[in-house]
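Tertiary structure, described
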Amino acid sequence: GAGVSQSPSNKVTEKGKDVELRCDPISGHTALYWYRQSLGQGLEFLIYFQGNSAPDKSGLPSDRFSAERTGGSVSTLTIQRTQQEDSAVYLCASRVSGSFYNEQFFGPGTRLTVL
Amino acid sequence: SQQGEEDPQALSIQEGENATMNCSYKTSINNLQWYRQNSGRGLVHLILIRSNEREKHSGRLRVTLDTSKKSSSLLITASRAADTASYFCATDEDTGNQFYFGTGTSLTVIP
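Reference entry: report on the structure contained in this document. Note that the structure is a prediction, hence the values are computed from the model and not measured.

1. Some remarks on the sheet that holds strand β1 (residues 5-7) of chain B
Residue and element names in this part refer to chain B. An order of β1-β3-β8-β7-β6 is seen for the five strands of this open sheet, with the pairing classed as antiparallel. Each edge of the sheet is formed by a strand with only one pairing partner; in this case those strands are β1 and β6 (55-58). Averaged over all pairs of adjacent strands, the angle between their axes in this sheet comes to 20 degrees, without regard to strand direction.

If you want it as structure tokens, here you go:
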């Protein structure tokens, strides 16, 4: 009965390196979202997965960002050639789909620091 | 794309007082939700109000929605120190696929 989990909880990397962030949604939730939150800011939408449909990638800030969702469950957000401005908390959320009136359940986030 | 905007950005009150924060958005919605965030990590859902509802209560929370003004308010009554957190409103598009979060209101309740 676990909630949404994310790993790692913290990641420190050097500028130019690639990073992978993982999200395990709640079992049975077909919708999965990635957000980015910079210090003291609101949530910035990155990408949305819904079942087997093509993901909505409209929020990805550059082509260095990509995400996959395998088997309709676990998702990985990859940032290539990281930059210092990528430093933020990356939040994942899942939702039961099929209705407009369902809440999102958030994971604890991954705090990414690019040196 | 639409985005909720909360005001005030920061609010500091004494324990026991009521806290009111507001959210404005830009286009038509299916629902509006309020979330709470502690310490910059995961968000917790507080309450959802549908576009055809005008007011909703949950414990010490009261949410109103005025679709003609495209605004919502969250009232926390009899505040406690444990209510200290950031509060965000989130709105969806007509398709209900995406959610758009505002920049949040940082609430501090002083014991």
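That was the structure; now back to the text.
2. Looking at the interface of chain B and chain A
Interface size is often expressed as the accessible area that is lost when the parts come together. Taken residue by residue, the interface counts 24 residues in chain B and 25 residues in chain A. Summed over both partners, the interface of chain B with chain A buries about 1900 Å², with 50% contributed by carbon and sulfur atoms. Of all residues in chain B, B:Arg41, B:Gln98 and B:Phe99 give up the largest surface area on contact with chain A, accounting jointly for 30% of the area buried on that side. At the junction of chain B and chain A, the tally comes to zero salt bridges. Inspection of the chain B/chain A interface yields two residue pairs in polar contact (both at pLDDT 80 or more). For the side of chain B that touches chain A, the secondary-structure elements that each account for two or more residues are β4 (31-37), β5 (43-50), β9 (85-92) and β10 (99-101) of chain B.

3. So, the environment of B:Ser58
The residue B:Ser58 is located in strand β6 in this model. Along the sequence, B:Ser58 and B:Ile47 sit 11 residues apart, while their C-alpha atoms lie 7.3 Å from each other.

Thresholds, definitions, all that
- Every residue gets a number counted from 1 within its own chain, in the order that chain's sequence is written.
- Each chain gets a letter, beginning with A, and each ligand a number, beginning with 1, in the order they are written.
- With the structure being a predicted model, the display of local features is reserved for residues of pLDDT at least 70 and the display and counting of side-chain atom pairs for 80 or more, all residues being used for whole-chain, interface and lining totals.
- Only hydrogens and water are set aside; all other atoms, that is, all heavy atoms of the structure, feed into the side-chain values.
- Two strands pair under a simple rule: DSSP has to find at least two bridges between them.
- Elements are defined by DSSP. Helices are runs of H or I of four residues or more, strands are runs of E of two residues or more, and each kind is numbered from the N terminus.
- Lines fitted to C-alpha atoms define the axes here, with helix axes fitted over just the stretch in contact, and angles between the N-to-C directions of these axes take values from 0 to 180 degrees.
- For this analysis, residues touch if any pair of their heavy atoms sits within 4.5 Å.
- A 1.4 Å probe defines the accessible area here, and the buried area is the portion of it lost by two parts on being joined, summed over both.
- We define a salt bridge as a side-chain nitrogen of Lys or Arg found within 4 Å of a carboxyl oxygen belonging to Asp or Glu.
- Polar contact is the term for a pair of N or O atoms within 3.5 Å; when the atoms are in protein, one must be able to donate a hydrogen and the other to accept it, and sequence-neighboring residues count only if both atoms are side-chain atoms.

Structural measurements only, silent on function.
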